[in-house]
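As a plain string of letters, each chain reads:
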Amino acid sequence: MSTSATRDIAVGGAARSGGIRWAVPSVVTVAVLVAVWQIYVSASGIRPQVLPSPMRVARQGWAHREEIGTHAAATLQVTLLGFAVSLTLAWALAIVVDFSPWLRRAFVPLFVASQTLPIVAIAPLMIIWFGFGLLPKILVVSLVTFFPMAIGLIEGFAAADREAGALLRSMGASRAQVFRYVRLPSAVPRFFTALRIGITYAVVGAVFAEYVGASAGLGIYMSLQKNSFRTDLVLAAVLVTALLSIALYLSTFLIERLVAPWALAENRSGRG
């Protein structure tokens, strides 16, 4: 085996062991909280309609796994579609803004102002304007996730090495070539950081949009179970929502490893 291959295996093993060590405190904390929750419910005798035990939540969630799974699939569909729209718009507008300082001054304040609009007010309006179909939920997710990705890209482009750009321009490179070879690579690490923030917002936005009005999804499922005083099933749906968010969050690391492994190494070295 070559020296480089041996080094890659060693680095990969170290990264995996580091990832496991990073997850241990969180797992231990969650286990302790669940144990305290279980002990409190058992000792206090509180009604399950108010606070069910973790064991009851797990049992009832498993018993209704097919129904919850169907609603989770609907939420995942809304999340991915809305996030895809947001991702496309963020890239397009960030590139346009980067090529025009005037547009940057015009659009960036609008991007910031868009975050002052509460989702509590936006989601019902989307339902009123576009009905109970897929479109209003996609729009809510897009609005919730657009800002972090657009700002991450804009700031990433602006953080490019000025000397490298000046060197390319002195060699006759066009504005587009400088963007491709200098500004775009510099934005990738920040983009993936923004992507991780945005994808977690996307699930929350989808659930809230469904909670306001939908025929399927974890949001409407929670609302229906709340009205039936099935707190155990509400918490089971909350758990599925959390697991869905974590899975999508972790998937961004896999995508980054496949698309831009150098950016992942840069982020790790920065954290180190």
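Residues numbered from 1 in each chain as written. Predicted model: local features only at pLDDT ≥ 70, side-chain atom pairs only at ≥ 80, totals over all residues. Heavy atoms only, no water.

Identification of the protein chain as ABC-type nitrate/sulfonate/bicarbonate transport system permease component from Nocardia puris is taken from an unreviewed UniProt entry. The heading Sequence similarities (unreviewed entry) in the UniProt record of the protein chain holds the text "Belongs to the binding-protein-dependent transport system permease family." You can read under Subcellular location (unreviewed entry) in the UniProt record for the protein chain the words "Cell membrane". (UniProt positions renumbered as here; feature names shortened; annotations may be inferred.)

Concerning the overall build of the protein chain
Helices and strands together make up the secondary structure of the protein chain, namely eleven helices and zero strands. Secondary structure elements of the protein chain, listed N to C terminal, follow the sequence α-α-α-α-α-α-α-α-α-α-α. Burial statistics for the protein chain: of 272 residues in total, 35% are counted as buried. By sequence separation, contacts in the protein chain at least 24 residues apart represent 72% of the contacts at least 6 residues apart. Carbon and sulfur atoms provide 70% of the accessible area of the protein chain, an area that totals close to 15,600 Å². (Helix = DSSP H or I, 4+ residues; strand = E, 2+ residues; numbered from the N terminus. Buried < 20%, exposed > 50% of the residue type's maximum accessible area, 1.4 Å probe, protein only. Contact = heavy atoms within 4.5 Å. Areas by Shrake-Rupley, 256 points an atom, 1.4 Å probe, with all protein chains shown as cover.)

A look at the packing of helix H2 (residues 54–63) against helix H10 (residues 231–259)
Direction vectors running N to C along H2 and H10 enclose 80°, while the axes themselves pass 8 Å from each other. Judged by the angle between their axes, H2 and H10 are roughly perpendicular. Here H2 contributes Arg-56, Val-57, Gln-60 and Gly-61 to the contact with H10, which in turn contributes Asp-232, Leu-233, Leu-235 and Ala-236. Of the residues belonging to the contact of H2 with H10, the class tally is four nonpolar, two polar and two charged. (Axes fitted to C-alpha atoms, helices over the stretch in contact; angles between N-to-C directions. Parallel < 35°, antiparallel > 145°, perpendicular 65-115°, else oblique. Nonpolar A, V, L, I, M, F, W, Y, C, P; charged D, E, K, R; others polar.)

Overview of the packing of aromatic side chains
With the rule as written, the count across this model stands at four aromatic pairs. Ring centres 5.3 Å apart and planes at 65° place the aromatic pair Phe-191 and Phe-192 in the edge-to-face group. Given a relative accessible area of 8%, Phe-191 falls into the buried group. An aromatic cluster is defined as three or more aromatic residues linked by ring pairs; in this entry it consists of Trp-91, Phe-157, Phe-191 and Phe-192. Cation over ring: Arg-65 sits above Trp-62, and NZ or CZ is 4.2 Å from the ring centre. Taking NZ or CZ as reference, Arg-196 lies 4.0 Å from the ring centre of Phe-253, over its face. (Phe/Tyr/Trp six-rings, centres within 6.5 Å; stacked < 30°, edge-to-face > 60°. Lys NZ or Arg CZ within 6 Å of the ring centre and 35° of its normal.)

Looking at the UniProt feature "transmembrane region" (unreviewed entry) in the protein chain
Within this structure's numbering, the places UniProt gives as "transmembrane region" (unreviewed entry) are residues 20–40, 80–99, 106–132, 138–160, 199–221 and 233–255. This span, residues 138–160, is 91% helix and 0% strand, and a straight line between its end C-alpha atoms measures 33 Å. The span residues 233–255 is 100% helical and 0% strand by assignment, and the distance between its end C-alpha atoms comes to 33 Å.

Details of the side chain of Glu-210
Here Glu-210 lies in helix H8 (residues 175–212). No salt bridge is formed by the buried Glu-210; its nearest oppositely charged neighbour, Lys-137, is found at 6.5 Å. If near-sequence neighbours (up to four positions away) are discounted, Glu-210 is found in contact with Ala-74, Thr-75, Val-78, Lys-137, Ala-216, Gly-217, Leu-218, Gly-219 and Ile-220. (Lys, Arg positive; Asp, Glu negative; His and termini not counted. Salt bridge = Lys/Arg side-chain N within 4 Å of Asp/Glu carboxyl O.)

Some points on the pattern of salt bridges
Under the defined criterion, the tally for this structure stands at four salt bridges. Residue Asp-232 is joined to Arg-56 by a salt bridge in which the shortest nitrogen-to-oxygen separation is 3.1 Å. Here Asp-232, found in helix H10, pairs with Arg-56, found in helix H2; they are 176 residues apart in sequence, far enough to count as distant. Accessibility expressed as a relative area gives 28% for Arg-56, which makes it partly exposed. For Glu-155, the salt bridge identified is with Arg-190, shortest N-O distance 3.8 Å. One end of the pair, Glu-155, is in helix H6 (residues 134–158); the other, Arg-190, is in helix H8, and 35 residues separate them in sequence. Residue classification places Glu-155 among the partly exposed residues on the basis of a relative accessible area of 41%. Salt bridges sharing partners connect three or more residues here, namely Arg-56, Arg-230 and Asp-232.

Let's talk about the confidence of the model for the protein chain
On average, residues of the protein chain score 81 in pLDDT, and 88% of them reach the 70 mark or higher. Averaged pLDDT values for the elements of the protein chain fall to 59 in helix H11 (residues 261–271) and rise to 92 in H2. Note that pLDDT drops below 50 for residues 1–18; the model gives that stretch three contacts with residues more than four away or on any other chain. (pLDDT = per-residue confidence, 0-100.)

As for the environment of Val-140
By secondary structure assignment, the location of Val-140 is in helix H6. Taking the relative accessible area as the measure of exposure, Val-140 reaches 2% and is therefore buried. In this view, Val-140 contacts Ile-119, Ala-123, Met-126, Gly-205 and Ala-209; residues no more than four positions away in its chain are not counted.

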